[in-house]
Amino acid sequence: FTPLWRCLRSGEESYRGRLLLIAALCNCIGLVGGPTISFFSLYAKRDHHWKSSQIGAAIVLAYLMGTVGTLLCGYLLDRIGRRVTAALFFLASAFAMFELFRTENHGATLLAFMATMFAYQGARTANSALSSELFPTGARATGYCLTVQVLGQLGWMLSPLAVGALSVPLGGLGKAASLFAAGPLIGIVLILTMVPETRGKTLEQLSPETAMPASGAN
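Conventions we followed
- Residues numbered from 1 in each chain as written.
- Predicted model: local features only at pLDDT ≥ 70, side-chain atom pairs only at ≥ 80, totals over all residues.
- Heavy atoms only, no water.
- Helix = DSSP H or I, 4+ residues; strand = E, 2+ residues; numbered from the N terminus.
- Contact = heavy atoms within 4.5 Å.
- Areas by Shrake-Rupley, 256 points an atom, 1.4 Å probe, with all protein chains shown as cover.
- Buried < 20%, exposed > 50% of the residue type's maximum accessible area, 1.4 Å probe, protein only.
- Expected span 1.5 Å × (residues − 1).
- Salt bridge = Lys/Arg side-chain N within 4 Å of Asp/Glu carboxyl O.
- Core = buried A, V, L, I, M, F, W, Y, C linked by side-chain atoms within 4.5 Å.
- Bend = angle between axes of the 7 residues up to and from the residue.

**Q** Account for the overall build of the chain, with residues named and values stated.
**A** Within the chain, the secondary structure is distributed over nine helices and zero strands. Ordered by position from the N terminus, the helices and strands of the chain form the series α-α-α-α-α-α-α-α-α. For the chain, long-range pairs separated by at least 24 residues make up 76% of all intrachain contacts whose partners lie at least 6 apart in sequence. Within the structure as shown, the chain displays about 10,500 Å² of accessible surface, and the carbon and sulfur contribution to it stands at 67%.

**Q** So what about the environment of G66? Which residues, and what values?
**A** Assignment of secondary structure puts G66 in helix α3 (residues 52-79). Judged by its relative accessible area of 3%, G66 is buried. Setting aside residues no more than four positions away along its own chain, G66 makes contact with M117, F118 and Q121.

**Q** Please give an account of α3 that cites residues and values.
**A** With 28 residues, α3 extends 40 Å between its outermost C-alpha atoms, agreeing within 8% with the 40 Å of an ideal straight helix rising 1.5 Å per residue. Taken together, the buried positions of α3 are occupied by I55, A58, A62, G66, G69, C73, L76 and L77. Buried-residue contacts for α3 involve α2 (16-48), α4 (82-100) and α5 (106-133).

**Q** Could you give me a rundown of unusual backbone geometry, with the residues and numbers involved?
**A** A positive phi angle, close to 60°, is found at H49, a residue other than glycine. Note on placement: H49 falls in the loop between α2 and α3.

**Q** I'd like to hear about the pattern of salt bridges, residue by residue, with values.
**A** With the rule as written, the count across this model stands at three salt bridges. R46 is the salt-bridge partner of D47, the closest N and O atoms lying 3.3 Å from each other. When its relative accessible area of 31% is taken as the criterion, D47 is described as partly exposed. In this structure, the salt-bridge partner of R82 is E133, at a minimum N-O distance of 2.5 Å. Of this pair, R82 sits in helix α4 while E133 sits in helix α5, and the two are 51 residues apart along the sequence. Each member of the pair, R82 as well as E133, carries the same accessibility label: buried. Within this structure, D78, R82 and E133 form a network of salt bridges that share partners.

**Q** Describe the nonpolar core, naming the residues involved and giving the relevant values.
**A** In terms of nonpolar packing, the biggest core is built from 47 residues, with L25, F40, F90, F113, V163 and I191 touching the most fellow members. At eleven residues, the largest contribution of residues to this core is made by α2.

**Q** Outline α2, supporting the account with residue identities and numerical values.
**A** Compared with an ideal rise of 1.5 Å per residue, which puts 33 residues at 48 Å, α2 spans 45 Å between its outermost C-alpha atoms and is within 8% of the ideal. Largest kink in α2: about 55°, centred on F39. Note on α2: the residue one or two positions beyond its end, H49, has a positive phi of about 60°.

Pasting the structure below:
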């Protein structure tokens, strides 16, 4: 339990703040993934009268774009930095998801779905990179599990329930789901104000007592 305690304990050298920060970022982007992955098929079939074959093809294309987003994000994380790259993919996911659940045109819906998965998977890649760099070697795996796979999954799990509950009073599934595009916008604020730039720095330089604040990052 030592790695877990190191992530959760309080004090000057605590990693608890970083744990909560990365978990919050994972939840912000989870507000895109949960509604999109849970409801796209239903939304496309019921609201836009897509055929099952069209939905299947769209899912394949979207996940291919998600792979491209992961690869491109990894490249940009090393080229232009973690904070800028993460903010860009968060922003793209917000706009793409909003367009996905608001557009009426078949082609635009397909492109928006592909763009949403591209940006969503890229944003998840950025979160994973940050979670692996902001915790000490002895607690890195624990930090990743807590932020990305446990605490960071709450938004993903709960947002579909909220979308379902809001769809009737708001007048449709699309209108309810599109509200959750605000999640990544909140994440951008957190990234730009609280996340330290980790590109090119050693783990020793990133420890809480030596890391520069986000406002002073290059």
